[in-house]
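# Commentary on secondary and tertiary structure
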Amino acid sequence: MTEFLEAAMEAARAAGGLLRAQFGRPPVVDAAEAHDIKLELDRQAQELIEQRVLGRFPGHAVLGEEGSRGAEGAEWEWIVDPLDGTVNYFYSLPHFCVSIALRRRGEVVAAVVYDPMREEMWSAEAEGPTQLNGRPVSVSARKELAEAIVSVGVAKSLDSIEHGLPLFARFAREARKCRMMGSAALDCAYVACGRLDAYIEGQISIWDIAAGKLLIERAGGQVRLTPHATVAGKFSIVASSGRISLGL
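The paragraphs below set out a description of the structure included in this document. (Residues numbered from 1 in each chain as written. Predicted model: local features only at pLDDT ≥ 70, side-chain atom pairs only at ≥ 80, totals over all residues. Heavy atoms only, no water.)

### Comments concerning the pairing of strand S6 (residues 97-104)
Selection rule: We call a residue buried when its accessible area falls under 20% of the maximum for its residue type, exposed when it is over 50%, and partly exposed in between, using a 1.4 Å probe and counting protein chains only. Here a strand is any run of E in DSSP of at least two residues, a helix any run of H or I of at least four, and the numbering for each starts at the N terminus. Pairs of strands are assigned from DSSP output, requiring at least two bridges between the strands.
Burial of S6 is extensive: 7 of the 8 residues sit out of reach of the surface. By the bridge criterion, 7 bridges tie strand S5 (residues 76-84) to S6 in an arrangement that is antiparallel. In the strand pairing of S6, valine 80 is matched with isoleucine 100. Hairpin remark: S6 followed by strand S7 (residues 107-115), antiparallel, with 2 residues in the connecting loop; positive phi at arginine 105, about 50°.

### Regarding the pattern of salt bridges
This is how it is decided: By convention in these notes, a salt bridge is any Lys or Arg side-chain nitrogen within 4 Å of a carboxyl oxygen on Asp or Glu.
Following the criterion strictly, the structure yields 13 salt bridges and no others. In this structure, the salt-bridge partner of arginine 104 is glutamate 75, at a minimum N-O distance of 2.6 Å. Of this pair, arginine 104 sits in strand S6 while glutamate 75 sits in the loop between strand S4 (67-70) and S5; the two residues are 29 residues apart in sequence, bridging distant segments of the chain. Where salt bridges share partners, they join Glu6, Glu10 and Arg56 into one cluster.

### Regarding the nonpolar core
Just so we agree on the cut-off: Among buried residues, those of type Ala, Val, Leu, Ile, Met, Phe, Trp, Tyr and Cys that are joined through side-chain atoms within 4.5 Å constitute a nonpolar core. We call two residues in contact when some of their heavy atoms are within 4.5 Å.
The biggest cluster of nonpolar side chains holds 34 residues, and the ones touching the most others in it are Val113, Trp122, Tyr199, Ile209, Leu215 and Ile237. Residues within four places of leucine 215 in sequence aside, it is in contact with Ala111, Val113, Trp122, Ser123, Ala124, Thr130, Ala189 and Ala192. Counting 31 residues, the second largest nonpolar core, distinct from the first, contains Ile37, Trp76, Leu83 and Leu102.

### Here's the deal with the sheet that holds strand S15 (residues 234-240)
This is how it is decided: Axis definition: a line fitted to C-alpha atoms, over the contacting stretch in the case of helices. Angles run 0 to 180 degrees between N-to-C directions.
The mixed open sheet is built from 5 strands, whose spatial order is S12-S11-S13-S15-S14. This sheet does not close on itself; its edge strands, each paired only once, are strand S12 (177-179) and strand S14 (222-227). When the angles between neighbouring strand axes are averaged without regard to direction, this sheet yields 15°. Here strand S11 (residues 149-153) pairs with strand S13 (residues 198-205) via 4 bridges, running parallel. Across the sheet, the residue bridging to serine 151 is tyrosine 199, located in S13. Lying over the sheet, helix H4 (residues 158-174) contacts S11, S12 and S13, oriented at roughly 165° with respect to S11. The strands touched by helix H6 (residues 206-218) are S13, S14 and S15; relative to S13, the strand with the most contacts, the crossing angle is about 150°.

### Some thoughts on unusual backbone geometry
Among all residues save glycine, negative phi is the norm, and among peptide bonds the norm is trans. Positive phi, close to 60°, is recorded for serine 92, a residue that is not glycine. Tracing the backbone through its elements, the reader meets serine 92 in the loop between helix H3 (86-90) and S6. At arginine 105, a position not held by glycine, the phi torsion is positive, near 50°. Inspection of the secondary structure puts arginine 105 in the loop between S6 and S7. Classification of arginine 105 by relative accessible area gives exposed; the value is 64%.

Any link to function would need more than the numbers given here.
Here it is, written out as structure tokens:
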């Protein structure tokens, strides 16, 4: 394990501990939209991660859902989603995580996704296997869509919802089961360890999937990440084991 991966895991555990300790209590809402919620805890968790990684690597930068910090134009950049699955968290649904990736000159070299409620830590480096709590994992061996479980996500925009619902309906008919789980990073982690066969979303931010992309690829899967045609800074993602045909 490199010092970078070690730092990411320590920061994820610290942020996850904060989230777990406050889970089930009425959270402070910073902003509420039709299909999204922002919590004070989002900011607090990111600040905790920033303190850990920038305190250890002061020449690095942080790009996060709750803003950016550190050295502008730095060679090393931490990509952080401090609470992926905020709406789940707000409604006391125990399906959320902390996602941290380290990018060097545009390439992700270390990644961590941590589920503090189940105490599950996925980790990967650019030259090593994906691990779950220290044990190597791999993508699903299933080859038929009819046997697969597919997760389809939608963002908070109406365009994203209109794009995602037909896909959900299609895979609900063609796959064994279709899910909409509310945490992109956990969806990626689940693909990486074979719990899901694919995860698809039409409008997603880099901090939602930067860590998960490396987890899937180092576990033997495939990720197609495409810049969104009309929304700057957003991407569409098709992530899978690479063993089933999605027709996309």
